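# Residue-level structural notes
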Amino acid sequence: TTTTTTTTSSTKPVSRMEKWPNENTKLARGYSGLPMDKTPALVGAKRGSIDCDINVNDLAYWNSPQGTRDEEFESPFKVEDLPGKAKYLTFEPDPGGFNNIRMSLENILVIAAVTGRTLVLPPPQRIYLLQDKMQLSDFFPILNDKFQKRIKVITMSEFLQREMKEGGYLYNVGKDDNDEATLLTLAEGCVQMKTGDKSCNKLNTILQRKGYMAPVKDSKNCFVFDKYAFDRGPAAVTSPRTQKLIAEFCGKERTPVYYTKGFHSPSILHFHTSDPNAYRLLNHFYTVIYFTDPKMDNFYKRFVRDFVHYNDAIFCAAGKIVHALQEEGRSRGDTVDGEGGGGYSALHVRRGDLQYKEVIISAEEWYNTTNKLWK
C-alpha cells in the first residue's frame, strides 16, 4: 500500500537565529506541558543538540543528558560478567528494508540495555535498496561514548578476535570449520544469502550453535520482564492485576515468554531474527517487550527516544532541507511554532522504497489527486 501524511503549521513565528536549545526550550517528555513536579525523571536533563555547520538543533527531539534519575538507573536484570569474560548479545539483522531493520534493532537495543550484555554488531552488509555494504553505526550513534555508557557495543571482528583465542567462547570454531581466516573476512562484510563464499549464514550458524537462541517471535510471543518471574520462575507471577495486564498486552494471539535464568545464564544470547519463519522481531519494541514495573517501562521508552536516533550527519542534512522549506513557506506567509517546527506542508509518500510497481505513482498523478488539499 501507499502511505501519505499531510503536515501543516500556522503558529507564532520565532527567529531562526535564536539559539537552540536554550533555557526556554521545552525538554522532550512523554506528555507535553506537564509541570516538572509531575515529571521527576526530567530533573537534571537538557534538550539535545546536533553537531552541524549550521544551527539545526530545533530538530533534536531527545534529551542529552537525560535526567539524573535516568543517568543513575541500574537494571535489576543486569548480567554479571565473569572476571575477564563478558557476556554477549548477538543478533542477525532483519532481512527486509531499512525500516524493518530499524524496528528489529530497537528491540535488540532495549534487550541489551536491560540485560547489560555486550552487544555484538552483525557484519556490514547490503541493505535492501541501498547499494553499499553498511554498518548499523553508519545510521545510529551506537559507538559514541554516551551510548557506550549505556550499552557496550563491539563489532563482529572484535568479537571473533577476542573469543576465537584460547580460552574464548569460540575457541577452535574456526579450526572446526577449517577456515578461521574466512570467518574473520566475513566479519568485515557479508551477504544475506543461504550459501556462497560471502554468505553471512556461516557466521550466523556458528552463533546459533554456540549461543542460546532466544525463542521469541513477535507474532507469537510477547517478551515479559518481571522480577518475580526472573527470581523464582513464571509461576511466581501470582498477582491477578499483573496477570491481567500481561494478558492485555500480549492479546489472544501471543503467548508470554518470560525473561528467566535460562536467558540470563548463557555466555552468548543470540537472536535469530533474519529468518521470517524463525524468530523475527518485526514490531515496535513497545509492542513486543513488556515490563511489569511501569517505571522500567517508561525508562526504556525514554532510552530509545534519547539514544536511538540518527547520527548528527543525517540530521544536519535533513535540517538544511527543512530550513529551506521553512524559508520558502515563510515567503508565502507560513510560520513556525515555538520550537522551530512546522512552517510548511508536506506529503510523506512511500514511492520508491517498495518493490511493487503499482505504488510507484508519478508526481503529476500525485498532484492531480491531492491538489485540493493545499487550497
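Residues numbered from 1 in each chain as written. Predicted model: local features only at pLDDT ≥ 70, side-chain atom pairs only at ≥ 80, totals over all residues. Heavy atoms only, no water.

The subject of this paragraph is the nonpolar core. Among the nonpolar cores identified, the biggest contains 46 residues, and L89, L119, I151, F271, Y300 and F303 are the most heavily contacted of them. The set of elements that each furnish at least two residues to this core consists of β2 (88-91), α2 (98-115), β8 (221-225), β10 (268-271), α11 (285-288), β11 (289-291) and α12 (294-307). If one sorts the elements of this core by residue count, α2 sits on top with ten residues. Ignoring anything within four residues of it in the chain, the contact list for L89 reads I108, I111, A112, R117, T118, L119, V120, L269 and F271. With 20 residues, the next largest nonpolar core counts L170, A187, L207 and I268 among its residues. (Core = buried A, V, L, I, M, F, W, Y, C linked by side-chain atoms within 4.5 Å. Buried < 20%, exposed > 50% of the residue type's maximum accessible area, 1.4 Å probe, protein only. Helix = DSSP H or I, 4+ residues; strand = E, 2+ residues; numbered from the N terminus. Contact = heavy atoms within 4.5 Å.)

The subject of this paragraph is helix α13 (residues 312-331). Here α13 spans 28 Å end to end across 20 residues, near enough to the 28 Å set by a 1.5 Å rise per residue. F315, C316, G319, V322, H323, Q326 and G329 are the residues of α13 that are buried. Down the axis of α13, the smallest arc covering the buried residues is 140°, so these residues share one side. In α13, those exposed residues whose orientation departs by more than 90 degrees from the buried face are A313, I321 and S331. Directly beyond the C-terminal end of α13, a positive phi value near 100° is found at G333. (Expected span 1.5 Å × (residues − 1). Arc of directions from axis to C-beta.)

For the rest of this paragraph, the subject is the packing of helix α6 (residues 180-187) against helix α7 (residues 201-210). One way to put it is that α6 packs onto α7 with a least axis distance of 9 Å and a crossing angle of 105°. Taken together, the axes of α6 and α7 lie roughly perpendicular to each other. Along its contact with α6, which presents T182, L183, L186 and A187, the element α7 presents K202, L203 and I206. For the contact of α6 with α7, a count of residues per class yields five nonpolar, one polar and one charged. (Axes fitted to C-alpha atoms, helices over the stretch in contact; angles between N-to-C directions. Parallel < 35°, antiparallel > 145°, perpendicular 65-115°, else oblique. Nonpolar A, V, L, I, M, F, W, Y, C, P; charged D, E, K, R; others polar.)

Let us now look at the sheet that holds β11. An order of β9-β8-β11 is seen for the three strands of this open sheet, with the pairing classed as parallel. Edge positions in the sheet fall to β9 (255-258) and β11, since each of these pairs with one other strand and no more. On average, each strand axis in the sheet is inclined to that of its neighbour by 35°, with strand direction left out of account. Relative to β11, β8 runs parallel, the two sharing three bridges. Bridge pairing in β11 links F223 to I289. Relative to β11, α2 is tilted by about 35°, and along the sheet it contacts β8 and β11. (Pairing = 2+ DSSP bridges.)

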